[in-house]
Amino acid sequence: MTRRSLPSALFVAALAVLAPPAKAQRTGSLRGTVTAAGVAVAGARVAIEIPPRVTIANETGRYAIRDVPVGHYDVLVTALGYKPWHRGVDVAAGQSATLNVALEQGSLMLSSVITTATRVPTEANVVAGTVNVLATHQIVTSPARETQDLLREIPGVELPRTSSLVGGTAQIVSIRGVDEGRTVVLFDGFPINDAWGEWIDWGRVPKGMLDRVEVVEGGTSNLYGNGAMGGVISFFSRPLAPGAVNVTVEGGNRDIRHTFVSAGVPVYGALTANVSGDYQEGGGYTLIEPGRAGAIDVASGIIQRNAYGRLTYAPRPSAQLVAFVGGHKFGDNRNTGTPLSYQTRDQGDIDLGVDYGRYATGMLSVRAWDGRQDEHQRSTAIRAGGRVAEDSSVVANIPSHDWGASAMWTRSDVLHLESFSIGGDYRHMNGNFDEVDFNTTCPGANCGTVTRRLLSGGDQNLSGAFLQAIAAPITALRIELGARVDQWGNDNGRSVDATSGTVNYPNRSKTAFSPRLGTRWQLLSNLSLHGDVYKAFRAPNLAELYRKQISTTQVTIPNPDLAAETALGREAGFDWQPLNWMQLKGTWYVADYRDFNVPTAIPPASNPGCGTAPACRQRLNVNRSRSEGGEAYLALRPVPQLFLSGSLNYDDARQQSGLPAGTTQKPHINRVPSPKQTVRATYSSSLLGDWTAIWRHEGHTTTLQGVWLEPFSVVDANVQRELVRDIYGFVSVENIGNTQYQVNLTAATNGIASIGLPRTVRAGVHVLRY
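Residues numbered from 1 in each chain as written. Predicted model: local features only at pLDDT ≥ 70, side-chain atom pairs only at ≥ 80, totals over all residues. Heavy atoms only, no water.

1. Comments concerning the overall build of the protein chain
Part 1: When you go through the protein chain residue by residue, the secondary structure sums to 5 helices and 46 strands.
Part 2: Taking 770 residues into account, the globule formula puts the C-alpha radius of gyration at 27 Å, and the protein chain, at 26 Å, falls close to it.
Part 3: Projecting the C-alpha coordinates of the protein chain onto the three principal axes gives extents of approximately 80 × 55 × 50 Å.
Part 4: The contacts of the protein chain with a sequence gap of at least 6 include a subset with a gap of at least 24, amounting to 65%.
Part 5: Carbon and sulfur atoms make up 58% of the accessible area of the protein chain, which totals about 30,000 Å².
Part 6: Each charge class in the protein chain can be summarised by its mean position, and for the 70 positive and 67 negative side chains these summaries are 2 Å apart. (Helix = DSSP H or I, 4+ residues; strand = E, 2+ residues; numbered from the N terminus. Rg over C-alpha atoms; globule rule 2.2 N^0.38 Å. Contact = heavy atoms within 4.5 Å. Areas by Shrake-Rupley, 256 points an atom, 1.4 Å probe, with all protein chains shown as cover. Lys, Arg positive; Asp, Glu negative; His and termini not counted. Charge placed at Lys NZ, Arg CZ, Asp CG, Glu CD.)

2. Some thoughts on the environment of Met 408
Part 1: One can find Met 408 in strand β26 (residues 390-414).
Part 2: You can call Met 408 buried: its relative accessible area is 9%.
Part 3: Distance in space between the C-alpha atoms of Met 408 and Leu 467 is 9.6 Å, their sequence separation being 59 residues. (Buried < 20%, exposed > 50% of the residue type's maximum accessible area, 1.4 Å probe, protein only.)

3. Side note on unusual backbone geometry
Part 1: Cis geometry is found at the peptide bond from Ile 50 to Pro 51, where omega equals -5 degrees.
Part 2: Here Pro 51 shows up in the loop between β3 (45-48) and β4 (53-56).
Part 3: Notably, Arg 176 is not glycine yet its phi reads approximately 55 degrees, a positive angle.
Part 4: Looking at where Arg 176 falls in the secondary structure, it is placed in the loop between β14 (174-175) and β15 (184-187).
Part 5: A residue is classified by how much of its surface remains accessible, and Arg 176, at 3% relative accessible area, is buried.
Part 6: Even without being a glycine, Leu 415 presents a positive backbone phi close to 55 degrees.

4. Thoughts on the pattern of salt bridges
Part 1: On inspection of all chains with the given rule, the structure shows 46 salt bridges.
Part 2: The salt bridge partner of Asp 349 is Arg 204, with a shortest N-O separation of 3.5 Å. You can see Asp 349 sitting in strand β24 (residues 342-358) and its partner Arg 204 sitting in the loop between β16 (190-191) and β17 (210-217), a full 145 residues away along the chain.
Part 3: Given the relative accessible area of 18%, Asp 349 is considered buried.
Part 4: Here Arg 204 falls in the buried class, since its relative accessible area comes to 7%. (Salt bridge = Lys/Arg side-chain N within 4 Å of Asp/Glu carboxyl O.)

5. A short note on the environment of Ser 509
Part 1: Mapped onto the fold, Ser 509 is located in strand β31 (residues 508-524).
Part 2: Along the sequence, Ser 509 and Pro 608 sit 99 residues apart, while their C-alpha atoms lie 25 Å from each other.
Part 3: With near-sequence residues (within four places) excluded, Ser 509 lies in contact with Gln 487, Trp 488 and Gly 489.
Part 4: In terms of polar contacts, Ser 509 uses its side chain to reach the side chain of Gln 487, at 3.3 Å. (Polar contact = N/O pair within 3.5 Å; in protein donor to acceptor, adjacent residues only side chain to side chain.)

6. Looking at the state of the cysteines
Part 1: Evaluated as defined, the whole model comprises 1 disulfide.
Part 2: One disulfide bridge connects Cys 442 with Cys 447, the sulfur atoms lying 2.0 Å from each other. Between Cys 442 and Cys 447, the disulfide has an S-S torsion of 95 degrees and is therefore right-handed. (Disulfide = S-S within 2.5 Å.)

7. A short note on the sheet that holds strand β18 (residues 231-237)
Part 1: Strand order in this open sheet of 5 strands is β12-β17-β18-β15-β16, and the pairing throughout is mixed. Of all strands in the sheet, those bounded by a partner on one side alone are β12 (130-134) and β16.
Part 2: Two elements, β15 and β18, share 4 bridges in a ladder whose sense is parallel. By the bridge assignment for β18, Val 185 is matched with Ile 233. (Pairing = 2+ DSSP bridges.)

8. Re the side chain of Ser 112
Part 1: Considering the arrangement of structural elements, one finds Ser 112 in the loop between β9 (101-102) and β10 (113-114).
Part 2: Given a relative accessible area of 11%, Ser 112 falls into the buried group.
Part 3: Those residues in contact with Ser 112 that lie beyond four places of it in its chain are Thr 122, Glu 123, Ala 124, Val 133 and Ala 135.

9. Section: the pairing of strand β27 (residues 417-438)
Part 1: Pairing between β26 and β27: 18 bridges, direction antiparallel. Counted as the bridge partner of Ala 405 is Tyr 426 from β27.
Part 2: The hairpin turn running from β26 into β27, its antiparallel successor, is 2 residues long, and Leu 415 in that turn takes a positive phi close to 55 degrees.

10. Observations regarding the side chain of Gln 347
Part 1: Structurally, Gln 347 can be placed in strand β24.
Part 2: Judged by its relative accessible area of 7%, Gln 347 is buried.
Part 3: There is a polar contact of 2.9 Å between the side chain of Gln 347 and the side chain of Asp 349.
Part 4: Sequence-distant contacts of Gln 347, that is, excluding residues within four places in its chain, are made with Arg 204, His 328, Lys 329, Phe 330, Gly 371, Arg 372 and Gln 373.

11. Examining the packing of aromatic side chains
Part 1: The final tally for this structure, using the stated rule, is 9 aromatic pairs.
Part 2: An angle of 70 degrees between the planes, with centres 6.3 Å apart, marks the rings of Phe 190 and Trp 369 as edge-to-face. Linking Phe 190 in strand β16 with Trp 369 in strand β25 (residues 362-382), this pair joins segments that are 179 residues apart in sequence.
Part 3: With relative accessibility at 7%, the residue Phe 190 sits in the buried group.
Part 4: Among the aromatic side chains, those forming a connected cluster through ring pairs are Phe 190, Phe 324 and Trp 369.
Part 5: Over the aromatic face of Phe 236 sits the side chain of Arg 212, whose NZ or CZ is 3.9 Å from the ring centroid. (Phe/Tyr/Trp six-rings, centres within 6.5 Å; stacked < 30°, edge-to-face > 60°. Lys NZ or Arg CZ within 6 Å of the ring centre and 35° of its normal.)

12. Brief notes about the confidence of the model for the protein chain
Part 1: Confidence in the prediction of the protein chain, expressed as mean pLDDT, is 91, and 96% of residues score 70 or more.
Part 2: With pLDDT under 50 throughout, residues 1-24 is counted as low confidence; its partners more than four residues away or in other chains account for 28 contacts. (pLDDT = per-residue confidence, 0-100.)

13. Description of the pairing of β24
Part 1: Relative to β24, strand β23 (residues 321-335) is paired through 15 bridges, and the arrangement is antiparallel. Bridge assignment links Val 322 to a residue of β24, and that residue is Asp 355.
Part 2: Relative to β25, β24 runs antiparallel, the two sharing 17 bridges. Bridged to Leu 352 within β25 is Ala 368.

Okay, here's the thing in structure tokens:
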């Protein structure tokens, strides 16, 4: 099968599986309209828990949930700017139950029911911390092509300036200046930070699958353990009822092609399936700034593939049981802007879960996963005399294996507490970096010959147990208290150098304690204050512990004795809604990070591993840093059809120790832009559809090497409208003004700049049949 025929094959396969089985469970359906003050609420989310079903109201407020087993259901309806709405409804066999919803004005920014902040379903506007949510309608109307760019709307999230669809496969994220690798990223509760270097493949989470995105800012190791120093980003997929279909077909400039198909499939009785396929390619461009690009600079390219399947067993609401097993295959092939350079990733995962009980009487949730990844990459060296020729410098293979399990029990209204949770988890990661280095003294007699072979790798085990109690001793006061104990161990560490031999590193094990206390005080009916203090930690990853790097000018040697990094943080904030159509919220935070491990120059003579290299580096726990800043948010809904929001983040993240001699000013943490600003406007009407525009500004920031980049601003837009029932047309434009902005710079003086995404136009159709 050719790559160009794959989108059509996905589409045909998805439609083929929609035929009903010979024998089906007795079912009915649920239908109605969602309104507020007599006006349709487009994009409202309507959900039932067992079996999991979610649907979205269209521009006229209509919704439908098909193939609902006979029984009594609790229905939850949420929409941006309105209070969550709960009602019970009975569904009879062969009948369509009608449930019309009348929403009341509520929080303009925190109107969802979320689970990430406390690992328990909680209304977002009562959480004692800083949370941000991208609801379904915000995702659907966003101009962003891929998942990473959705997060640029949230001011506390710091991302590389370039899209994850260009450049390398291994992407990073930071929250509140904590730097890369220190934020947990989850998809349906399963980790997607990779096992070797904690990098992220945003492409593993297709935008079309998303139901919502939840971001918790600040340390959350009390619940999530290792890596949650900056916070947690959680993506949630949308469960589809049997017979429901979600299809997107689009194309754009620079040969963009994208097809997404997702369907709910009846299997047998209480057993149903969700299947999804996503394929995209194109959109690349020459990454080097005009005037500095040479003969070797070509348009970047990408082909990305996803296939998901999940079987769910949910017999009936009274059984209080949901069980599922799922599988995922992911592939990413790309060139990174020159003819010889490339990176590929292939990932396969299986996951399973069981939820038994109800929160009122005790809910047990169990999860397990197993994933394997294989990455291949080739890096090149540019010859002197301009960008006219390149040579292979390193070819690497990076296999890794990640598996684990978790369990949590929660009960509400117990021991005078709002809720009580106890849980634990275990994660095992294994990885290697197997590289071949080539001679790049070109032209020359030895050009392209193999100079050495290196293999670095090991195993890491992470385990922890936690407790959480949430209390409301008086109506106006909410207290969240949690603590967790973790143990992490490194085993089988080794470095194999064909030149100098094999080094085996001793096994090590350490523990960490992570408490958190958060409070929220409802001072007035429209004004609340919140604050929290926490301690969080991050163990060094496998790449930091064991990878050995050798070049003609420098050697970086492993350090298996790296200690864990820690964070001590606190924040205070407010949430004020003086009018139904206006809301403001803000947070001021300080976080002190200790024992950051960073590559540090060491005397070559002090360590035999440095060999005869003229320069030598090793990762050491030498840095203390502090991130201090604030965030402000404003949301307005002057008329029901128009929603306006704006946000601002100021983050002063600076190194506090390990400064070079003679330093008079504390240097900034690299890759932390400040300030960041976003303004979004969405106009929705049944006649004109949804019109969205987003203005983004990023202030000064630095590259990984500390070179300053100039600030920039861009505007993105999206227009979509229902053409005929269940079929929508859309046009999205990113970087409308075709602004040229820097994403990397090789040197502060006369450096060569890489540039960000140019104007990108896409058009297509959605088929949304719920």
